[in-house]
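# Examining the three-dimensional arrangement
What follows is the residue order along each chain.
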Number of protein chains: 2
Amino acid sequence: MTKTNEKSLLQPEDLACFSLYSAANAMVRAYRPVLDTLDLTYPQYLAMLVLWNGDALNVKTLGERLHMDSGTTTPLLKRMEAKGLILRERCKQDERSCIVRLTQSGNALKQQAFQIPEAMGEKIAISQEEGATLKYLCDKLHDGLVAHSD
Amino acid sequence: MTKTNEKSLLQPEDLACFSLYSAANAMVRAYRPVLDTLDLTYPQYLAMLVLWNGDALNVKTLGERLHMDSGTTTPLLKRMEAKGLILRERCKQDERSCIVRLTQSGNALKQQAFQIPEAMGEKIAISQEEGATLKYLCDKLHDGLVAHSD
DNA sequence: TTCATATATATTGTTCACAATTAACTTGCA
DNA sequence: TGCAAGTTAATTGTGAACAATATATATGAA
């Protein structure tokens, strides 16, 4: 009950931002049991998708692909290195730069990853078309916020 | 470049889940400088919106409103108590239950909060109608995932 | 009453996001 | 050559999300 004689603020349930926040958390939560079979977290899975695509990348480029800064990527990649999925080595030409490449076992894990999209598809209750709309709007919101932050 | 003779996986940029994840992170990041003026984080702001609405609530109910479990709410509320925004006290009728209520200074902060929606509105590059669609799709995805998790 | 079960919250430890800072290196210019 | 300015990544510390577990209380059945 809102007190009378007071201006009121919208409640979380009325805000698109809260819906976005809750949906993203729920999505990561839903990925968890599926990714547990590969011993990967959701951000680790995103990094592996990029690496499985074939190229070795430096930390900077990988962070840009994943929309993460180095304060997030560095500890993330160290945990992945500790699991034996990747190697990190300094670039010969520029010692500041750190090159990330898959180990054999990291590369081998790709075969198990084909089951992930299928398993997740079963959990997602929106249509392909709705998913495309959701993606379009999230990208537009994201790009607008990033552009505004300069 | 994808290697030939190998099945390929979609890249993060092609996945709606990654867009959702990135947009939610960007949204929290955009709220940060605005909420810094109230010394609140985004989840703390969500909790304050519920409390500013008037009622004292127990931790369970507040967690349900914010789609959070006790492993998230308890430390969140302790930080808010340490800042002097709220009080937490056991319910007389049921000692298991913990009642959360605003302090005077927590309640007074409401006056400054009216500027938040205005400040955020300027940063958001999607229309009201697109925002409503985004909210609808996020809620549908969220509710479907929650229903599926039982 | 007594015991089993369910509920509400707290605790512990891991992972991620990010700001702020630091260190190492590159580049450009004098 | 030598130094200033910019870049890249690592480091440190805080907040949040969550699983697993623990604790205390309430409730219902025998």
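Everything discussed here concerns the structure shown above.
A few points on the structure. (Residues numbered from 1 in each chain as written. Chains lettered and ligands numbered in written order. Predicted model: local features only at pLDDT ≥ 70, side-chain atom pairs only at ≥ 80, totals over all residues. Heavy atoms only, no water.)

### A look at the protein's contact with DNA strand D
Of all residues adjacent to DNA strand D, which total 28 residues, the nearest are Y21(A), R29(A), K60(A), K78(A) and T41(B). Counting only the atoms of DNA strand D that lie within 4 Å of the protein, the sugar and phosphate share comes to 77%. Take K78(A): an N or O atom from its side chain is 2.5 Å from a phosphate oxygen of DNA strand D. One of the side-chain nitrogen or oxygen atoms of Q44(B) is found 3.3 Å away from a phosphate oxygen of DNA strand D. (Near = heavy atom within 4 Å. Polar contact = N/O pair within 3.5 Å; in protein donor to acceptor, adjacent residues only side chain to side chain.)

### Quick look at the sheet that holds strand β3 (residues 98-102) of chain A
All names here are of chain A. Judged by pairing direction, the sheet is antiparallel, and its three strands sit side by side in the order β1-β3-β2 without closing on themselves. Strands at the two margins of the open sheet, each flanked by one partner only, are β1 (57-58) and β2 (86-90). Two strands pair when backbone bridges link them, and β1 and β3 are joined in this way by two bridges, in the antiparallel orientation. Along β3, the bridge assignment pairs N58 with I99. Most of the contacts of helix α4 (residues 70-82) go to β2, to which it runs at about 120 degrees, and overall it touches β2 and β3. (Pairing = 2+ DSSP bridges. Helix = DSSP H or I, 4+ residues; strand = E, 2+ residues; numbered from the N terminus. Contact = heavy atoms within 4.5 Å. Axes fitted to C-alpha atoms, helices over the stretch in contact; angles between N-to-C directions.)

### Let's talk about the protein's contact with DNA strand C
Around DNA strand C sit 29 residues in total, of which T41(A), R79(A), Y21(B), R29(B) and K78(B) are the nearest. Taken together, the sugar and phosphate atoms account for 78% of what DNA strand C places within 4 Å of the protein. One of the side-chain nitrogen or oxygen atoms of Q44(A) is found 3.3 Å away from a phosphate oxygen of DNA strand C. At 2.5 Å from a phosphate oxygen of DNA strand C is found a side-chain nitrogen or oxygen belonging to R79(A). Among the secondary structure elements, those contributing two or more residues to the surface near DNA strand C are α2 (42-52) and α4 of chain A together with α1 (16-36), α3 (59-66), α4 (70-82) and β2 (86-90) of chain B. Partitioning the surface near DNA strand C into residue classes produces six nonpolar, eleven polar and twelve charged. (Nonpolar A, V, L, I, M, F, W, Y, C, P; charged D, E, K, R; others polar.)

### Section: the sheet that holds strand β3 (residues 98-102) of chain B
The sheet built from three strands is open, its strands ordered β1-β3-β2 (chain B) with antiparallel pairing. Among the strands making up the open sheet, the edge pair consists of β1 (57-58) and β2 of chain B.

### Describing the side chain of S19(A)
The residue S19(A) is located in helix α1 (residues 16-36) in this model. Taking relative accessible area as the criterion, S19(A) reaches 2% and is therefore assigned buried. Side chain to side chain, S19(A) and D139(B) meet in a polar contact 2.7 Å long. Not counting residues up to four positions away in its chain, the partners in contact with S19(A) are K135(B), C138(B) and D139(B). (Buried < 20%, exposed > 50% of the residue type's maximum accessible area, 1.4 Å probe, protein only.)

### Overview of the packing of α1(A) against helix α2 (residues 42-52) of chain B
α2(B) packs onto α1(A) with a crossing angle of 125 degrees between their chain directions and a minimal axis gap of 12 Å. Comparing the axis directions of α1(A) and α2(B) gives the class oblique. The handedness of the crossing between α1(A) and α2(B) is left-handed. Between α1(A) and α2(B), the contacting residues are C17(A), F18(A) and Y21(A) on the first element and Y42(B), P43(B) and L46(B) on the second. Classifying every residue of the contact of α1(A) with α2(B) gives six nonpolar, no polar and no charged. (Parallel < 35°, antiparallel > 145°, perpendicular 65-115°, else oblique. Left-handed = near helix turned anticlockwise from the far one by under 90°.)

### Regarding the interface of chain A and chain B
Each partner contributes residues to the interface: chain A has 62 residues there, and chain B has 62 residues. Between chain A and chain B, the buried area comes to about 6,300 Å², and carbon and sulfur atoms account for 67% of it. When the area that chain A buries against chain B is broken down by residue, the three leading residues are L9(A), Y21(A) and L145(A), summing to 11%. Where chain A touches chain B, the interface holds four salt bridges. Between R65(A) and E13(B) there is a salt bridge; the shortest N-O distance is 2.4 Å. Listed by contribution, the elements that provide at least two residues to the side of chain A that touches chain B are α1, α2, α3 (59-66), α6 (110-113), α7 (115-123) and α8 (128-148) of chain A. With 15 residues, α8(A) is the largest single contributor of residues to the side of chain A that touches chain B. Within the side of chain A that touches chain B, the residues separate by chemical class into 35 nonpolar, 13 polar and 14 charged. (Buried area = accessible area lost by both parts, 1.4 Å probe. Salt bridge = Lys/Arg side-chain N within 4 Å of Asp/Glu carboxyl O.)

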